[in-house]
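# Coordinate analysis (summary)
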Amino acid sequence: MSGGDDDKHLRPASRLVRGGRRKEWTGPVVNPPVWRGSTHLYDTDADRHAAGGNNADGQFFYGRRGAPTQWALAEALTQLEAGAYGTQLYPSGVAAIAGCMFAVLKPGDRLLMADNAYDPSRSMATGLLARMGVETTFFDPRDLDGFTAAVPGAKAVWLEAPGSLTFEMCDVPALAAAARAAGAVTMIDNTWASPLGFAALDHGCDIVMMSLSKHVGGHSDLMMGSASAGKRWYTALRRTAQELGQVVSPDDAALAARGLRTMGVRLEAQTRSALQIAAWLESQPQVARVLCPMLPSDPGHALWQRDFTGGCGLFAFVLASNDPAASARVADALQMFGIGYSWGGFESLALPIAPATYRSVMPCGTGGAPALRLAIGLEDADDLIADLAQALALV
Ligand SMILES: *Cc1c(COP(=O)(O)O)cnc(C)c1O
C-alpha cells in the first residue's frame, strides 16, 4: 500500500514504531486491533457492488482481502522497504516464495536459482515448478561471469544473500544488473538481513521476499511471509495471491506487527552477541572455521560491508573433528540452546547441518565436516559462550 508517505523522511527506527498505525485503523488505541471477519457488511446493495468493483488496497470487501489488522502490517513493511510500492502477506515464508514464483513464471520459462538458496526454495524449483513446465538452472552466485553467460533467455533469477546454512555472500547489485540487462526479473529471499540490514530493491532487485516467522515475529510463535515490490510487480503479486486465495489470520498479523516494533533493537542486540560469539569460536581449537559474513575473516565480508547496513544472530561453524557424530554431540550437550528449526526468536537455537545434500554446483561451505548453525537469541553472550565452551570440550 502506498499510504503513509508522510513518514518516508524518517529513519528506519522511527518507521518501525509508526508504520501502519493509521488513526482510522487503530481508533483510540496504540495497536491496530484484531479485526476478525469473513463477512463484511454493507449498508445497501449498491455499496456492495461498489466495493466489489474496487480492488484497491485498504478497501473493505470480504475477509479474503483482509481488514485493517493485515493492511496495517503490510503498510508498515512497505514503509520499511525502500523502493516498495506495496507488500503482499502470505501464511508462511514458503507460501511467499510460491507467491513470487507464480506471479512471475509461466510454463516454458527458465529460472536461474542461486545454488545456496533455502532448501524448500530449491525443492519448489525441482518439484512444483518443474511439474508446471518451468526449467530451473542452479548457479554459483559468486561466479558473476558464469551467471552473465547463463542469464540470457531466463525469465527470472532467485537470489539469497547470505545463502542458507553456510552464509556465502554474493554481489547482489552486479547479479541484478546483469539480470536486468538480459531482461530477467530478480527476486531475492532477504529473510536473513530484513529491510533493516539490506535494501534489496535499492540494490537492483525487483521483488524482495521475507519469512516473517523469523525476525519480524521474533518470538517463535507464528508463521508468515511477505513479498514487497515496486508498482508493477506488486500488482502481479497481489493479483496472484488473490487468485490463490492467500490470506493471513488477523491474530497472526497482530502478533507479527507487535514483533515488528522491537525488531530493530532485537537485531542490534543479537548481531552484537553473534559477533562476540563468532569471534570467540574462531579462536577455539575444536573449531575449523566460522561461516559468518559479519566477521572480517570471512570471504564475503567485503560485500557484506559494502551493501549491508546490519546483520543478525544467525551463522554457522565447522568443527575440526572428522567424526560425523560430533555436531550432534555438541548440540545435545548445549544447555542454553534449543535444538530446532527456524530462527530469529528471542531464544538461542543450535542445529547440526549437512548442507552438501542441498547443493548442485557450489562446493558446500563445510567441506563435508561436521558443522552447526547457531541462532543467537537475547540471552547474555557470556553465558552462551560458557555453554558452548563446555559442549565443545566434549569433541
Ligand atoms: C525459514 C526460511 C524461509 C521459510 O519461511 P517459513 O516461514 O518457515 O515458511 C525462507 N527463507 C529462509 C532463508 C528461511 O530461513
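Please read these numbers as outputs of a predicted model, since none were measured by experiment.

Here is what the cut-offs are and how they apply
- Residues numbered from 1 in each chain as written.
- Predicted model: local features only at pLDDT ≥ 70, side-chain atom pairs only at ≥ 80, totals over all residues.
- Heavy atoms only, no water.
- Near = heavy atom within 4 Å.
- Polar contact = N/O pair within 3.5 Å; in protein donor to acceptor, adjacent residues only side chain to side chain.
- Areas by Shrake-Rupley, 256 points an atom, 1.4 Å probe, with all protein chains shown as cover.
- 1 Å grid on protein atoms, 1.4 Å probe; cavity = no way out; pocket = protein on both sides within 12 Å on 5 of 7 lines; lining within 4 Å.
- Sits in = over half its atoms within 2 Å of the grid points.
- Nonpolar A, V, L, I, M, F, W, Y, C, P; charged D, E, K, R; others polar.
- Core = buried A, V, L, I, M, F, W, Y, C linked by side-chain atoms within 4.5 Å.
- Buried < 20%, exposed > 50% of the residue type's maximum accessible area, 1.4 Å probe, protein only.
- Domains from an automatic or database assignment.
- Contact = heavy atoms within 4.5 Å.

Moving on to the site of the ligand. The environment of the ligand is made up of 15 residues, and the closest members are G93, D189, S211, S213 and K214. At 2.9 Å, a backbone N or O of V94 approaches an oxygen atom of the ligand. One nitrogen or oxygen atom from the side chain of W343 is found 3.1 Å from an oxygen atom belonging to the ligand. Bound to the protein, the ligand loses 92% of the 380 Å² it would expose on its own. The cavity where the ligand resides is the largest pocket. Class assignment of the residues belonging to the shell around the ligand gives a composition of six nonpolar, six polar and three charged.

Here is a general trend for soluble globular proteins: nonpolar side chains tend to be buried in one another's company. Formed by 87 residues in total, the largest nonpolar core has its most connected members in L73, W192 and F315. If you count residues domain by domain, this core takes at least three from each of domain 1 (5-261) and domain 2 (263-392). For L73, the contacting residues outside a window of four places in its chain are L89, L212, M224, A253, A256, A257 and L260. Judged by nonpolar contacts, the second largest core, of 31 residues, contains M113, V134, I207 and W233.

The values are spatial; any link to function lies outside them.
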